[in-house]
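These are the residues of each chain, in order.
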Amino acid sequence: MDIAHLHFLVAEADPAQRAALKDMLGHLGASRVTDAPDGHTALRFFQGGFSPAADVAIIDLDLPGMDGLELIRNLAGLDCHSSVIMTGKQPPALMFSVETLAQVYGLELLGTIAKPVTLAKLKTLLDNYAPPAPPAETAGGPRFTFTDIGVGLQRREFEPFFQPKIELATGQVKGLEVFARWRHPEHGVLTPSSFIHALEENNRIDFLDWSMIELSLERCRKLHDQGIPISISINLAPETVAHPAFIRQVSAALGRHRLLPDYLTFEMPESSVLTSDPDFIERLVRLRMMGFGLAIDDYGTGRSNLQLLARIPFSELKIDRSFVDGASKKRPLGTVLKSCLGLAHNLDRMSVAVGVETRQDWDFLQGLGCTYAQGYHIANPMEASAFPGWLEDWRHFF
């Protein structure tokens, strides 16, 4: 990418390494580079409101006076919008922890580089730079009241979009995950970030859940009638599943659309499924006995009780995107991913990697024996009417 218009800050104590970094940036096309020999000088740069502000800050961990860890903590407190690259002579596992810390602070981290810094390593991270969104965009989209959403549901403005789930060993499409979308008459297609909060505040997420169940089964039936006997997965709130009438109502919905339970999987987050509540566990067992699939979503983000995990009758373990994205390049992340896949395999469950964004992620997961993958590398969520055409293209591709 062209970095000539970007302003860089290089915070590095060693004069020779500081000069080398400035030379590398110049070789890559940077025209404005400010340097700082210690953490306090770097912090004053950000506090002083220098203009233009730094677009990218390259910060060494071993700065004198105020080290890199303290500096990024202070930058987080300043609501810093600069992208950050951390450097250090620490081993890769420790640099990975530094990366995690910077992300927890909310900084826009391009990555870390274990010294020595090379031109190739620096260029790889700078290629990931994207300018921050303008304030109008970061403020979020339109907000709606609970009443607004209720009217939209009644008018059938909400509809399911579908993202394919691919079997890594064969490349075959094995299912579709449902994503709720609101086709708003004024604002266009909206994602749950615009409407889920109001539903949760009023404890009526089940309104959306039942709408998605009914509409998804309707779309699924149409696909079956077109000769595409695909299965679907629907994210549900645990309160929806726990409702006394849930099994009766979902069975009636399947009957209306002439579908078997085998074609429907319910996805619930790890934090809600791993419970010792006997009534809820009985409900899960009953659903599995009826033939429904059960998937533990966002696996790895909670504090799993492994003994309880082994007892829950789930059929799929969906590994959170935070353990998938970049796992092929980051050894600690890859180790965690292998552990998750091994757990699923040892429990004789299928594994689903969520958030597969690159070919590298795909190849890495395939090599590890992951069962299924889904993500933007494969396809974005799409309308049901677009799926047959996409499927035809995918089959030609494979």
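Residues numbered from 1 in each chain as written. Predicted model: local features only at pLDDT ≥ 70, side-chain atom pairs only at ≥ 80, totals over all residues. Heavy atoms only, no water.

- The name given to the chain in an unreviewed UniProt entry is EAL domain-containing response regulator, with the source organism recorded as Massilia agilis.

### Re the UniProt feature "modified residue: 4-aspartylphosphate" (unreviewed entry) in the chain
Okay, so step 1: Taking the UniProt record as the reference, the feature "modified residue: 4-aspartylphosphate" (unreviewed entry) is found at Asp-60.
Okay, so step 2: Here Asp-60 is to be found in strand 3 (residues 56-60).
Okay, so step 3: You can call Asp-60 buried: its relative accessible area is 2%. (UniProt positions renumbered as here; feature names shortened; annotations may be inferred. Helix = DSSP H or I, 4+ residues; strand = E, 2+ residues; numbered from the N terminus. Buried < 20%, exposed > 50% of the residue type's maximum accessible area, 1.4 Å probe, protein only.)

### A few points about helix 13 (residues 278-290)
Okay, so step 1: Between the first and last C-alpha of helix 13 there are 18 Å, a value that for 13 residues agrees with the 18 Å anticipated at 1.5 Å per step.
Okay, so step 2: Residues of helix 13 that are buried: Phe-280, Arg-283, Leu-284 and Leu-287. Down the axis of helix 13, the sector holding all buried residues measures 95°, keeping them to one side. In helix 13, the exposed residues that point more than 90 degrees away from the buried face are Pro-278, Asp-279 and Met-289.
Okay, so step 3: Where helix 13 is buried, its residues contact helix 10 (238-242), helix 11 (246-256), strand 10 (264-269), helix 12 (270-273) and strand 11 (293-299).
Okay, so step 4: If you check the start of helix 13, you find a side-chain oxygen 3.1 Å away from the backbone N of Asp-279, and it comes from Asp-277. (Expected span 1.5 Å × (residues − 1). Arc of directions from axis to C-beta. Contact = heavy atoms within 4.5 Å. Polar contact = N/O pair within 3.5 Å; in protein donor to acceptor, adjacent residues only side chain to side chain.)

### Observations regarding the nonpolar core
Okay, so step 1: Ile-149, Phe-246, Leu-264, Phe-266, Phe-387 and Trp-390 are the most contacted members of the largest nonpolar core, which has 79 residues in total.
Okay, so step 2: A per-element tally of this core places helix 9 (residues 205-225) first, with eight residues.
Okay, so step 3: Setting aside anything within four residues of it in sequence, one finds Leu-264 in contact with Leu-217, Ile-232, Ile-234, Val-250, Leu-254, Phe-292 and Gly-293.
Okay, so step 4: One finds Ala-42, Leu-43, Val-84 and Ala-102 within the second-largest nonpolar core, a separate group that totals 24 residues. (Core = buried A, V, L, I, M, F, W, Y, C linked by side-chain atoms within 4.5 Å.)

### A few points about the side chain of His-224
Okay, so step 1: Among the structural elements, His-224 can be located in helix 9.
Okay, so step 2: What makes His-224 buried here is its relative accessible area of 14%.

### Quick notes on the side chain of Asp-361
Okay, so step 1: With respect to the helices and strands, the residue Asp-361 is situated in helix 16 (residues 359-368).
Okay, so step 2: A residue is classified by how much of its surface remains accessible, and Asp-361, at 3% relative accessible area, is buried.
Okay, so step 3: One polar contact links the side chain of Asp-361 to the main-chain amide nitrogen of Glu-357, over a distance of 3.4 Å.
Okay, so step 4: The residues touching Asp-361, leaving out its near neighbours within four places in the chain, are Val-324, Asp-325, Gly-326, Ala-327, Ser-328, Gly-355 and Val-356.

### Examining the packing of aromatic side chains
Okay, so step 1: For the structure shown, the criterion picks out 13 aromatic pairs.
Okay, so step 2: Look at Phe-158 and Phe-195: their rings are 5.0 Å apart centre to centre, the planes differ by 85°, and that puts the pair in the edge-to-face class. With Phe-158 in strand 6 (residues 158-167) and Phe-195 in the loop between strand 8 (188-190) and helix 8 (196-201), this pair connects stretches of sequence that are 37 residues apart. Comparing Phe-158 with Phe-195, the two get one shared label, buried.
Okay, so step 3: Ring centres of Phe-387 and Trp-390 lie 6.0 Å apart, and the angle between their planes is 20°; on these two criteria the pair is classed as stacked. (Phe/Tyr/Trp six-rings, centres within 6.5 Å; stacked < 30°, edge-to-face > 60°.)

### Here we look at unusual backbone geometry
Okay, so step 1: The omega torsion of the bond from Lys-115 to Pro-116 falls at 10°, within 30 degrees of zero and hence cis.
Okay, so step 2: Mapped onto the secondary structure, Pro-116 falls in the loop between strand 5 (108-114) and helix 5 (119-126).
Okay, so step 3: Residue Arg-258 is not a glycine yet carries a positive backbone phi of 55°.
Okay, so step 4: For Arg-258, the location among the structural elements is in the loop between helix 11 and strand 10.

### Some points on the environment of His-257
Okay, so step 1: Relative to the helices and strands, His-257 resides in the loop between helix 11 and strand 10.
Okay, so step 2: In the structure, His-257 is positioned 171 residues away from Met-86 in sequence and 55 Å away in space, judged by C-alpha atoms.
Okay, so step 3: With residues up to four places along the chain from it excluded, the contact list for His-257 reads Glu-214, Leu-217, Glu-218 and Arg-221.

### A word on the environment of Glu-12
Okay, so step 1: Tracing the sequence through the fold places Glu-12 in the loop between strand 1 (7-11) and helix 1 (15-28).
Okay, so step 2: A C-alpha to C-alpha distance of 9.6 Å links Glu-12 and Gly-68, two positions 56 residues apart in sequence.
Okay, so step 3: Ignoring anything within four residues of it in the chain, the contact list for Glu-12 reads Gln-17, Arg-18, Leu-21, Ala-36, Pro-37, Asp-60, Leu-63, Thr-87 and Lys-115.
Okay, so step 4: Within polar-contact distance, the side chain of Glu-12 engages the backbone nitrogen of Asp-14 at 3.0 Å.

### Structural notes on the pattern of salt bridges
Okay, so step 1: Applying the stated criterion to the full structure yields 19 salt bridges.
Okay, so step 2: A salt bridge links Glu-12 to Lys-115, with the shortest nitrogen-to-oxygen separation between them at 2.9 Å. Taken together, the positions of Glu-12 in the loop between strand 1 and helix 1 and Lys-115 in the loop between strand 5 and helix 5 put the pair 103 residues apart, joining distant regions of the chain.
Okay, so step 3: Taking the relative accessible area as the measure of exposure, Glu-12 reaches 2% and is therefore buried.
Okay, so step 4: Ionic pairing is found between Asp-35 and Arg-18, a salt bridge with its closest N-O pair at 3.3 Å. One end of the pair, Asp-35, is in strand 2 (residues 32-36); the other, Arg-18, is in helix 1, with 17 residues separating them in the sequence. (Salt bridge = Lys/Arg side-chain N within 4 Å of Asp/Glu carboxyl O.)

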